[in-house]
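Survey of secondary and tertiary structure
Given next are the chains, with one letter for each unit.
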Amino acid sequence: MMNGKRMMFKLVLLCSVLICNSQHQEKESIPPNILFIAIDDLRPTLGVYGDTEVITPNIDKLASEGMTFMETYAQVAVCAPSRASLMTGLRPDATRVWHLGEEFRVINPEAVTMPQYFSK
């Protein structure tokens, strides 16, 4: 009788592991649903960031339903280097983009940007 209980326990344990594993695999096949809105080099003049003079109810509602980063800073006060930094996760000294006219892809042909990462 003891062997029967052990066998039943092992069978239940195995089924549990297989069910959990199959559910885990199903969740992995669903692509993430991500909306990323970046303000890369200017101040965020939005109600969600505490600006009382602007009226932005739709973006404020969207922000309340997702994740809003409150303490973020631009790497450089010019859009090209700031955007290159934001989209790669690299500091401007690593991207080597410092001015508006510099072409990111010429300087960093192998860099993987956030949109490229998500599309893979």
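Residues numbered from 1 in each chain as written. Predicted model: local features only at pLDDT ≥ 70, side-chain atom pairs only at ≥ 80, totals over all residues. Heavy atoms only, no water.

1. Considerations on the environment of alanine 84
Tracing the backbone shows alanine 84 in helix α3 (residues 79-88). For alanine 84, a relative accessible area of 7% corresponds to the buried category. (Helix = DSSP H or I, 4+ residues; strand = E, 2+ residues; numbered from the N terminus. Buried < 20%, exposed > 50% of the residue type's maximum accessible area, 1.4 Å probe, protein only.)

2. Quick word on the nonpolar core
What tends to happen in soluble globular proteins is that the nonpolar side chains get buried as a cluster. Grouped together as the largest cluster of nonpolar side chains are 5 residues: Ala80, Ala84, Val97, Phe104 and Ala111. The contact partners of valine 97, leaving out residues within four places of it in the chain, are Ala80, Pro81, Ala84, Pro92, Glu102, Phe104, Ile107 and Asn108. (Core = buried A, V, L, I, M, F, W, Y, C linked by side-chain atoms within 4.5 Å. Contact = heavy atoms within 4.5 Å.)

3. Digging into a nonpolar patch on the surface
Residues Ile34, Phe36, Leu86, Val112, Tyr117 and Phe118 make up a contiguous nonpolar surface patch of about 590 Å² in total accessible area. Locating tyrosine 117 in the fold gives a position in helix α6 (residues 114-119). (Patch = residues over 30% accessible without salt bridge, like charges linked within 9 Å, V, L, I, M, F, W, Y side chains within 5 Å. Areas by Shrake-Rupley, 256 points an atom, 1.4 Å probe, with all protein chains shown as cover. Salt bridge = Lys/Arg side-chain N within 4 Å of Asp/Glu carboxyl O.)

4. What about the side chain of threonine 56?
Residue position: threonine 56 is located in the loop between α1 (2-29) and α2 (57-64). A relative accessible area of 17% means that threonine 56 is categorised as buried. Only 3.0 Å separates the side chain of threonine 56 from the side chain of aspartate 60, close enough to count as a polar contact. Here threonine 56 is in contact with Leu46 and Gly47, once residues within four sequence places are set aside. (Polar contact = N/O pair within 3.5 Å; in protein donor to acceptor, adjacent residues only side chain to side chain.)

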